[in-house]
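Results of the structural survey
Below, each chain spelled out in residue letters.
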Amino acid sequence: QAAADLDDVADGSLDLIAAFDVLEHLTHDQLEDMLALFRRKLRVGGAVLVRFPNADSPVGLVNQHGDVTHITHIGSVKARYFAERGGFAVRYIGPEAQPILCGHTAHMIHRLIAVPARALLDAISNFQFHPGGDKVSMFSKNLVLTMVRTD
């Protein structure tokens, strides 16, 4: 269901809400209000899929600071905090999926090297700096968060 405004959608009627490149434009208070709205509009078991610049990563700073309308920096810990505070269960927080075998040959060769290298660097970084804790994606420009309304 598409709507010009979520306020026009009946409460508890949606299975999925997707918001790409939205949350970083909100203050912390506005972000909490947005998540409350998402929760109200979703059915129990409904999911929210969001993407935002990765504030955990030095390579995400280009996306965060390249747009002067970005207000809030969101990393994995802050995203989990707001999701859980908003009444959601986090199902995934991490880098965007990176298809490897598609597109031009030069792009495929680049991704064949870059995607595993980033995964290895993330694994080494997490082993060194976050043993036993939340895994942080240090080498992705954006983070994706999937959360579910559980009540």
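Preceding this section is the structure that the text describes.
Here the structure is a predicted model, which is why all the values come from computation and not from measurement.

**Some remarks on the overall build of the protein chain**
- When helices and strands are tallied, the protein chain shows four helices and four strands.
- Secondary structure elements of the protein chain, listed N to C terminal, follow the sequence β-α-β-α-α-β-α-β.
- Expressed as lengths along the three principal axes of its C-alpha atoms, the size of the protein chain is roughly 45 × 35 × 35 Å.
- With an accessible surface of roughly 8,700 Å², the protein chain has 61% of that area assigned to carbon and sulfur atoms.
- Distance from the positive charge centre (14 side chains) to the negative charge centre (17 side chains) of the protein chain: 6 Å.

**So, the packing of aromatic side chains**
- One pass over the structure, following the stated rule, counts one aromatic pair.
- Ring geometry for tyrosine 81 against phenylalanine 82: centres 5.2 Å apart, planes inclined by 75°, an arrangement best described as edge-to-face.

**Points about the pairing of strand β2 (residues 42-53)**
- Where strand β1 (residues 14-20) lies against β2, six bridges are found, and the strand directions are parallel. Within the sheet, the bridge partner assigned to alanine 19 lies in β2 and is valine 50.
- Between the parallel elements β1 and β2, the chain passes through helix α1 (residues 28-41) in a crossover that is right-handed.
- Note: β2 against strand β4 (residues 142-149), seven bridges, orientation antiparallel. Of the residues in β4, the one forming a bridge with alanine 47 is valine 148.

**Here's the deal with the pattern of salt bridges**
- A full pass over the atoms with the stated rule returns nine salt bridges.
- Put simply, aspartate 21 and arginine 51 hold a salt bridge, and the shortest N to O gap is 2.4 Å. Of this pair, aspartate 21 sits in the loop between β1 and α1 while arginine 51 is found in strand β2, placing the two residues 30 residues apart along the sequence.
- Given the relative accessible area of 23%, arginine 51 is considered partly exposed.
- Between glutamate 32 and arginine 85 there is a salt bridge, with its nearest N and O atoms 2.3 Å apart. Of this pair, glutamate 32 sits in helix α1 while arginine 85 is found in helix α3 (residues 76-85), placing the two residues 53 residues apart along the sequence.
- Its relative accessible area of 25% is what places glutamate 32 among the partly exposed residues.
- Take arginine 85: its relative accessible area is 53%, and that puts it in the exposed class.

**Here we look at the side chain of lysine 41**
- Relative to the helices and strands, lysine 41 resides in helix α1.
- Of the polar contacts made by the side chain of lysine 41, one reaches the backbone oxygen of valine 9; its length is 2.6 Å.
- In this structure, lysine 41 is in contact with Leu6, Asp7, Val9, Ala10, Asp11, Gly12, Ser13, Leu14 and Ile17, ignoring residues within four places of it in sequence.

Reading the values: the criteria
- Residues numbered from 1 in each chain as written.
- Predicted model: local features only at pLDDT ≥ 70, side-chain atom pairs only at ≥ 80, totals over all residues.
- Heavy atoms only, no water.
- Helix = DSSP H or I, 4+ residues; strand = E, 2+ residues; numbered from the N terminus.
- Areas by Shrake-Rupley, 256 points an atom, 1.4 Å probe, with all protein chains shown as cover.
- Lys, Arg positive; Asp, Glu negative; His and termini not counted.
- Charge placed at Lys NZ, Arg CZ, Asp CG, Glu CD.
- Phe/Tyr/Trp six-rings, centres within 6.5 Å; stacked < 30°, edge-to-face > 60°.
- Pairing = 2+ DSSP bridges.
- Right-handed = clockwise from strand over helix to strand, strands pointing away.
- Salt bridge = Lys/Arg side-chain N within 4 Å of Asp/Glu carboxyl O.
- Buried < 20%, exposed > 50% of the residue type's maximum accessible area, 1.4 Å probe, protein only.
- Polar contact = N/O pair within 3.5 Å; in protein donor to acceptor, adjacent residues only side chain to side chain.
- Contact = heavy atoms within 4.5 Å.

Note that all results are geometric; they support no functional claim without further evidence.
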